[in-house]
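Chain by chain, the residues run as shown.
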Amino acid sequence: MLKVGLVSLGCAKNLVDSENILGLLKHDGYTITNTIEDSDIIIVNTCGFIDSSKKESINTIFEMLSYNKKVVVTGCLAERYEEELRKEIPEAYFIPIHDYDKFNKFFKSVDNKLNDEGGLDDHYRVISTGKYSAYLKIGEGCDNCCTYCAIPLIRGHFVSRPYDEIIEEANKLADSGIKEVIVLEQDTTKYGIDLKDGHNTVSLLKGLLGVKKLEYIRLLYLYPDEISDELIDLIAKEKRLTPYFDIPIQHSEDHILKDMNRRGNKEFLRNLFNKIKTKVPNAILRTTVMVGFPGETEEDVDNLINFIKEIGFDHLGAFTYSREEGTKSYNFKNQIDENTKKARLDRLMRAQQGVSYKRNKTHIGEIMEGLVVGKEKEQYLLRSYWNAPDDVDGKIYFTSKEELNEGDIVKVKINEAFVYDLLGEEVK
Ligand code: SF4
């Protein structure tokens, strides 16, 4: 059978799709390889929601084509620009997201020896995030229709995965040794809104708490006005629910939030974060913001910077507004030039460096429990309640007198803080 390699671009939700694609092809009998040279077929699972990610996807497709291998393009770029891409890059094969349920039928055009018509199925999923940690996707799509966002155009309406299916997968992951699951969807707080069985994010978490082998359950992508007191109280009460609140706010200024079609104004956001801090004193706050949205002024950016300083986010991801065709804001007046956007992003990130360092220093002397997730520069890496496994958050480096293994659960005393990272030593 042929050897298949895969390049996964974009977000963790796309990574789960990559894991399901690899799982299906392995189930079909292909050999999965990590080296391009060794591959007969290369899959590029693309991202397509903003300019920079689209450019990265296109560059990666051409890079893979330069190896004279069969290249299959999947993911959000293939979904969003299928027609254009088939015309522009006829030498590649395309399997857009809406064909994932009959993936093999289309993969036959790549390898006609494949005698199956099946589609992606999480039962075959190959976990790519280590032996002890895995993402757990709980739905697809989004209905919030933020005016700058192309995701609803690509991933469609919000659809929850059936409750039993998620719990079954969580059990399967836990039985395979996974100790940490990161629960995600475009809008994790919307879970169950389309289901008739009354389930919601809170009942799903209670179900996941029933999977006793799972040590840590973390949520990503919470929508501000959907975060209930019940959810906050459950996270405050349950030790296995990580006190980690990833709440993308996008901006702080009311007129910008309104033009973005974001629900909840500045006062609402302020009250929400203060409520979380009160109910969950050790809460880690993460957010995502955007600068350069049409109509944004320098004063708006000043106010946004003052707001992130006021709230004190432990982790913050930021990007510049990308004018995306098909989104409402594409035709908004007062579009801002790229240099101004870039300058605003730099200003904001410089301010966040100060906030992050100040927050990190509050952890000095603290003993954190967590998973050993690897080694770097002769130091071990810890994943505690403080950091999620993606490139937004900092790292916890620590030393130990013993030889440790990935997946070990240890206690680490934090001795030093840096702008983004922490440093400590293992303690008993
Ligand atoms: S909530 Fe997120 S995914 Fe949904 S439309 Fe808004 S930015 Fe896009």
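Refer to the preceding data block for the structure.
The residue numbering used here restarts from 1 in each chain and proceeds along that chain's sequence as written. Owing to the predicted nature of the model, reporting of local features is limited to residues with pLDDT of at least 70; listing and counting of side-chain atom pairs is limited to 80 or more, with chain, interface and lining totals taken over all residues. Only hydrogens and water are set aside when side-chain values are computed; all heavy atoms of the structure are taken into account.

**Side note on the overall build of the protein chain**
Next up, step 1: Helix and strand definitions here come from DSSP, where helices need a minimum of 4 consecutive H or I residues and strands a minimum of 2 consecutive E residues; each element is numbered from the N-terminal end. When helices and strands are counted, the protein chain shows 13 helices and 18 strands.
Next up, step 2: Atoms counted for the radius of gyration: C-alpha only. Globule rule: 2.2 Å times residue count to the power 0.38. Relative to the compact-globule value of 22 Å for 428 residues, the protein chain shows a C-alpha radius of gyration of 22 Å, a close match.
Next up, step 3: Burial classes follow relative accessibility: with a 1.4 Å probe on protein chains only, a residue under 20% of its type's maximum area counts as buried, one over 50% as exposed, and anything between as partly exposed. Going through the 428 residues of the protein chain one by one, you find that 53% of them count as buried.
Next up, step 4: It only takes one pair of heavy atoms within 4.5 Å for two residues to be counted as in contact. In the protein chain, once contacts between residues fewer than 6 apart in sequence are set aside, the share between residues at least 24 apart is 73%.
Next up, step 5: Methods summary: accessible areas were calculated by the Shrake-Rupley approach with a probe of 1.4 Å, and residue burial reflects only the protein chains presented. Only carbon and sulfur atoms are counted for the fraction: they give 51% of the accessible area of the protein chain, which is about 18,700 Å².
Next up, step 6: In this tally, Lys and Arg are treated as positive and Asp and Glu as negative; His is ignored, and so are the chain termini. Every charge is mapped to an atom, namely NZ of Lys, CZ of Arg, CG of Asp or CD of Glu. Placing the 59 positive and 73 negative side-chain charges of the protein chain at their respective mean positions leaves the two points 2 Å apart.

**Some points on the environment of Phe 319**
Next up, step 1: Along the chain, the position of Phe 319 falls in strand β13 (residues 315-320).
Next up, step 2: Separated by 25 residues in the primary sequence, Phe 319 and Arg 344 have C-alpha atoms spaced 9.8 Å apart.
Next up, step 3: Each residue touching Phe 319, except ones within four places of it in the same chain, is listed here: Ile 50, Gln 250, Thr 288, Val 289, Met 290, Val 291 and Leu 345.

**What about the site of the ligand?**
Next up, step 1: In the vicinity of the ligand, the residues found are Cys 142, Asn 144, Cys 145, Cys 146, Tyr 148, Cys 149, Ile 151, Pro 152, Gln 186 and Arg 262.
Next up, step 2: Residue classes follow a fixed rule: Ala, Val, Leu, Ile, Met, Phe, Trp, Tyr, Cys and Pro count as nonpolar, while Asp, Glu, Lys and Arg count as charged, and any other residue, Gly among them, counts as polar. Counted by class, the shell around the ligand contains 7 nonpolar, 2 polar and 1 charged residues. Definition of nearness: a residue and a molecule or strand are near each other if at least one heavy atom of the residue lies within 4 Å of the molecule or strand.

**Examining the nonpolar core**
Next up, step 1: In this structure, Leu 208, Ile 217 and Phe 245 are the most contacted members of the largest nonpolar core, which totals 53 residues.
Next up, step 2: Apart from the residues lying within four places of it in its own chain, the contact partners of Phe 245 are Leu 222, Ile 232, Ile 235, Ile 276, Val 280, Ala 283, Ile 284, Leu 285 and Arg 286.
Next up, step 3: In terms of nonpolar packing, the next biggest core, distinct from the first, is built from 23 residues, Tyr 135, Leu 220, Tyr 385 and Val 412 among them. Take the buried Ala, Val, Leu, Ile, Met, Phe, Trp, Tyr and Cys residues and link them wherever side-chain atoms come within 4.5 Å; each set so joined is a nonpolar core.

Purely geometric stuff here, so don't read any function into it on its own.
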